[in-house]
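Commentary on secondary and tertiary structure
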Amino acid sequence: LKQMVMYCENLMDCRREMLLKVTSFALFLPTNPPRKYFDQDFDRTLCNGTCDNCARAHTYLVKDLSEAARSALTLVTAMASQRVTLKHVADVFKGSRTGKIQASGHDQLRGYGQGEHLHKGDIDRLLRTMVLRDVLTEYPEENREGFIV
């Protein structure tokens, strides 16, 4: 399921290349050697815009978020004994000053505000990627209304 989510959230790579050339597992874990899937070599230039990612023709800026990921992990480790949501972690990492953050003392934690230079969407993608790559673990829970969050 995680591999499917990673495939769906990938906005940069050619979908045809991802499906035909390498397995999604090898694609997202670069330590594994690429393996052919459907035994086809596929050059993304042959896609000619037939997949949604290639059709967009957007230019993306690739950022190294290793330091941000380390800071986020430090922050999550400091909150490990408490039940918090990814949204709350993102808000604390961004440096938000909500009443909930201040009341819980999370504005005093090492890592608070370390992501203030990042866009909120980048922080959300960073944390989601960390969950998908098993760096962080997310535990679904039922809220008072009976919904899984």
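First things first, this report covers the structure right here in the doc. Keep in mind that what you see is a predicted model, and the values were worked out from it rather than measured.

This part covers helix 8 (residues 120-132). With 13 residues, helix 8 should cover 18 Å at 1.5 Å per step; its first-to-last C-alpha distance of 18 Å lies within 8% of that length. Turning to helix 8, its buried residues are Asp122, Ile123, Leu126, Leu127, Met130, Val131 and Leu132. Elements in contact with the buried residues of helix 8: helix 1 (2-9), helix 5 (66-78) and helix 6 (86-94). After helix 8 finishes, the residue Asp134 shows a positive phi value of roughly 65°.

Turning our attention to the nonpolar core. Counting 18 residues, the largest nonpolar core has Leu75, Val92, Phe93, Ile123, Leu126, Leu127 and Met130 as its most contacted members. Elements that contribute at least two residues to this core include exactly helix 5, helix 6 and helix 8. In this structure, Ile123 is in contact with Ala90, Phe93, Lys94, Gly115 and Leu118, ignoring residues within four places of it in sequence. If you look at the next biggest cluster of nonpolar residues, it comprises five residues, including Cys14, Leu20, Phe42 and Cys51.

By the element assignment, Tyr60 lies in the loop between helix 4 (52-56) and helix 5. Taking C-alpha positions, Tyr60 is 7.4 Å from Met12, a pair spaced 48 residues apart along the chain. Look past the residues within four positions of Tyr60 in its chain and what remains in contact with it is Leu11 and Met12.

Below, the discussion takes up the packing of aromatic side chains. For the structure shown, the criterion picks out zero aromatic pairs. When the ring centre of Tyr7 is taken as origin, the NZ or CZ atom of Arg15, which lies over that ring, is 4.9 Å away.

Next up on the list: the packing of helix 6 against helix 8. For any two helices packed against each other, the geometry comes down to the angle between their axes and how far apart the axes lie. In contact at an axis separation of 10 Å, helix 6 and helix 8 are set at 130° when each is read in the N-to-C sense. Between helix 6 and helix 8, the angle is such that the two are oblique. The way helix 6 lies across helix 8 gives a crossing that is right-handed. Contact with helix 6, carried on its side by Leu86, Val89, Ala90, Asp91, Phe93 and Lys94, involves Lys120, Ile123, Asp124, Leu126, Leu127, Arg128 and Val131 of helix 8 and no other residues of that element. Along the lines of polarity and charge, the residues of the contact of helix 6 with helix 8 split into eight nonpolar, no polar and five charged.

Rules and cut-offs
- Residues numbered from 1 in each chain as written.
- Predicted model: local features only at pLDDT ≥ 70, side-chain atom pairs only at ≥ 80, totals over all residues.
- Heavy atoms only, no water.
- Helix = DSSP H or I, 4+ residues; strand = E, 2+ residues; numbered from the N terminus.
- Expected span 1.5 Å × (residues − 1).
- Buried < 20%, exposed > 50% of the residue type's maximum accessible area, 1.4 Å probe, protein only.
- Contact = heavy atoms within 4.5 Å.
- Core = buried A, V, L, I, M, F, W, Y, C linked by side-chain atoms within 4.5 Å.
- Phe/Tyr/Trp six-rings, centres within 6.5 Å; stacked < 30°, edge-to-face > 60°.
- Lys NZ or Arg CZ within 6 Å of the ring centre and 35° of its normal.
- Axes fitted to C-alpha atoms, helices over the stretch in contact; angles between N-to-C directions.
- Parallel < 35°, antiparallel > 145°, perpendicular 65-115°, else oblique.
- Left-handed = near helix turned anticlockwise from the far one by under 90°.
- Nonpolar A, V, L, I, M, F, W, Y, C, P; charged D, E, K, R; others polar.

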